[in-house]
Amino acid sequence: MACVAKKCGIRFKPPSVILIYEEKDKEKTRQRIMPVRNFSKFSDCSIAAEQLKNNPRHKAYLEGVSLRQLEKLHSLLKGHLRGESLAESLEKVQREETIDPEEDMNKLDDKELAKRKSIMDELFEKNRKKKDDPDFVYDVEVEFPQDEQLESCGWDVESGEEV
């Protein structure tokens, strides 16, 4: 059965992921409720999302849903189980999804670094211009304004010595 995911959300009581999808053959919109089992406020959201996505009963339906979105939904559920309001949980998820340009990525552990890189990759793919896009322009040249005099550095000065 081929289906296209339209919307994906979370229900707190009982904890479950709700998927609204359309069957390609029948062009009929349907709803699927997938219970989230054995999930507590101490659970790892990424593992729970991966288990749900790889569950044989739900795998065909969740093909069109990204793992990142399922992780976000599990984070909202985790916040609810901790007693946080929906607004607090959404703000917390938003903070985790934003990358601070001043943050030193060298000081992060491997798991956090991989998470930040996947966020950057997702943002890149979202903003990337493809050949098929209507506003795609090949070989764009942009001149940046120079407000200040450029400083010369010792390493970029041409010298008479060749290596």
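Procedures and definitions
- Residues numbered from 1 in each chain as written.
- Predicted model: local features only at pLDDT ≥ 70, side-chain atom pairs only at ≥ 80, totals over all residues.
- Heavy atoms only, no water.
- UniProt positions renumbered as here; feature names shortened; annotations may be inferred.
- Helix = DSSP H or I, 4+ residues; strand = E, 2+ residues; numbered from the N terminus.
- Rg over C-alpha atoms; globule rule 2.2 N^0.38 Å.
- Buried < 20%, exposed > 50% of the residue type's maximum accessible area, 1.4 Å probe, protein only.
- Contact = heavy atoms within 4.5 Å.
- Lys, Arg positive; Asp, Glu negative; His and termini not counted.
- Charge placed at Lys NZ, Arg CZ, Asp CG, Glu CD.
- Core = buried A, V, L, I, M, F, W, Y, C linked by side-chain atoms within 4.5 Å.
- Pairing = 2+ DSSP bridges.
- Axes fitted to C-alpha atoms, helices over the stretch in contact; angles between N-to-C directions.

- For the chain, the name recorded in an unreviewed UniProt entry is Centrosomal protein of 19 kDa, with Anser brachyrhynchus as its organism.
- As its UniProt record puts it under Sequence similarities (unreviewed entry), the chain is described as follows: "Belongs to the CEP19 family."

## A word on the overall build of the chain
- Across its full length, the chain carries four helices and three strands.
- For the chain, the sequential pattern of α-helices and β-strands runs β-β-β-α-α-α-α.
- Taking 15 Å as the expected radius of gyration for a compact globule of 163 residues, we find that the chain reaches 23 Å, considerably beyond that expectation.
- Taken along the three principal axes of its C-alpha coordinates, the chain extends 75 × 40 × 35 Å.
- For the chain, with 163 residues in total, the buried portion stands at 23%.
- Of the contacts made within the chain by residues no fewer than 6 positions apart, 36% connect residues no fewer than 24 positions apart.
- Of the charged side chains in the chain, 30 are positive and 36 negative; the average position of the first set lies 17 Å away from that of the second.

## A closer look at unusual backbone geometry
- The peptide bond linking Lys-13 to Pro-14 adopts the cis configuration, its omega dihedral lying at -15 degrees.
- Non-glycine residue Asn-38 carries a positive phi angle of around 50 degrees.
- The topology assignment puts Asn-38 in the loop between strand S3 (29–35) and helix H1 (45–54).
- On the accessibility criterion, Asn-38 (81% relative accessible area) is exposed.

## A closer look at the nonpolar core
- Counting 20 residues, the largest nonpolar core has Cys-8, Val-17, Leu-19, Leu-62 and Leu-70 as the members making the most contacts within it.
- Contributions of two or more residues to this core are made by strand S1 (3–11), strand S2 (16–23), H1 and helix H2 (67–82).
- Setting aside its immediate chain neighbours within four residues, Leu-19 contacts Ala-5, Lys-7, Cys-8, Arg-30, Gln-31, Arg-32, Met-34, Tyr-61, Leu-62 and Val-65.

## A short note on the sheet that holds S2
- If you walk across this open sheet you meet the three strands as S1-S2-S3, and the pairing is antiparallel. Edge positions in the sheet fall to S1 and S3, since each of these pairs with one other strand and no more. Sheet twist, expressed as the average angle between the axes of neighbouring strands with direction ignored, equals 25 degrees.
- Pairing between S1 and S2: eight bridges, direction antiparallel. Residue pairing for S2: Cys-8 is matched across the bridge by Leu-19.

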